[in-house]
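The chain contents come next:
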Amino acid sequence: MEPIVITSENFENEVLKSQEPILIDFWASWCGPCKMLSPLVDKIAEEGVIKVGKINVDDEMELAGEYGVASIPTLLIFKNGEVAAQSIGFKPMPALKAWVASVK
């Protein structure tokens, strides 16, 4: 499955009302670590390990601010409309998968 582009318009339906846990990647096009992490997040989405969404912080500053995203990349996992876990910075694939598994 492809990651979903999350905006303020679809955030409530795709994230807060999601029936399953969803991993949200807060990123920006100018962020080096984001570029390194993005293909790993895409791979997790493709494998169907967890529902995945991406939020471009430059386009969605309000959402980033609302969830206290001060540095990127920031990954949040939402369960039942609440933040269940947070990870800041780059993680290699084994650590990323272990983190997701520990929350799901």
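Whatever comes next refers back to the structure up there.
Residues numbered from 1 in each chain as written. Predicted model: local features only at pLDDT ≥ 70, side-chain atom pairs only at ≥ 80, totals over all residues. Heavy atoms only, no water.

Visitor: Honestly, the overall build of the chain in this entry has me stumped. Any pointers?
Guide: In terms of regular secondary structure, the chain is built from four helices and five strands. Going residue by residue from the N terminus, the α and β elements of the chain occur as β-α-β-α-β-α-β-β-α. With the C-alpha coordinates aligned to their principal axes, the bounding extent of the chain is approximately 30 × 30 × 20 Å. Expressed as a percentage of its 104 residues, the buried residues of the chain come to 44%. Put simply, 69% of the contacts in the chain that link residues at least 6 apart link residues at least 24 apart. If you average the places of the 9 positive and of the 15 negative side-chain charges in the chain, the two averages end up 10 Å apart. (Helix = DSSP H or I, 4+ residues; strand = E, 2+ residues; numbered from the N terminus. Buried < 20%, exposed > 50% of the residue type's maximum accessible area, 1.4 Å probe, protein only. Contact = heavy atoms within 4.5 Å. Lys, Arg positive; Asp, Glu negative; His and termini not counted. Charge placed at Lys NZ, Arg CZ, Asp CG, Glu CD.)

Visitor: Could you clarify how one ought to interpret the packing of aromatic side chains in this entry?
Guide: How two aromatic rings sit relative to each other is set out by the distance from centre to centre and by the angle between their planes. Evaluated as defined, the whole model comprises three aromatic pairs. Note on F11 and Y67: the rings are 5.6 Å apart at their centroids and 45 degrees apart in plane angle, and the pair reads as tilted. Residue F11 is located in helix 1 (residues 11-16), and its partner Y67 is located in the loop between helix 3 (61-66) and strand 4 (74-79); the two are separated by 56 residues in the primary sequence. Judged by its relative accessible area of 4%, F11 is buried. Judged by centre distance (5.2 Å) and plane angle (80 degrees), the ring pair of Y67 and F78 falls under edge-to-face. Within this pair, whereas Y67 is found in the loop between helix 3 and strand 4, its partner F78 is found in strand 4, the two being separated by 11 residues in sequence. Since its relative accessible area comes to 21%, Y67 is described here as partly exposed. (Phe/Tyr/Trp six-rings, centres within 6.5 Å; stacked < 30°, edge-to-face > 60°.)

Visitor: It is not clear to me how the state of the cysteines should be interpreted in this structure. Could you clarify?
Guide: Should the sulfur atoms of two cysteines be covalently bonded, the bond is a disulfide. This structure, assessed with the given rule, holds one disulfide. Two residues share a disulfide in this structure: C31 and C34, whose sulfurs sit 2.3 Å from each other. Given an S-S torsion of about 80 degrees, the disulfide between C31 and C34 has right-handed geometry. C34 matches C31 in its accessibility class, with the two residues each being buried. (Disulfide = S-S within 2.5 Å.)

Visitor: I would appreciate a short explanation of the pairing of strand 2 (residues 22-27) in the present structure.
Guide: If a strand is regular, its side chains alternate between the two faces of the sheet. In terms of burial, strand 2 is largely enclosed, as five of its six residues are buried. Taken together, the six bridges between strand 2 and strand 3 (residues 51-56) define a ladder with parallel strand orientation. Opposite L23, over in strand 3, you have V52 as the bridge partner. Chirality of the crossover, the property in question, places the unit of strand 2, helix 2 (residues 32-47) and strand 3 among those that are right-handed. Where strand 2 and strand 4 come together, five bridges link them in antiparallel fashion. Within strand 4, the position partnered with D25 by the bridge is L75. (Pairing = 2+ DSSP bridges. Right-handed = clockwise from strand over helix to strand, strands pointing away.)

Visitor: Explanation requested: the sheet that holds strand 5 (residues 82-88) in the structure shown.
Guide: Strand pairing within a sheet occurs via backbone hydrogen bonds; the two strands may be parallel or antiparallel. Taken in spatial order, the five strands line up as 1-3-2-4-5 in an open sheet, and their pairing is mixed. What marks the edges here is a single partner per strand, and that holds for strand 1 (4-5) and strand 5. Here strand 4 pairs with strand 5 via six bridges, running antiparallel. Residue pairing across strands places L76 opposite Q86, the latter belonging to strand 5.

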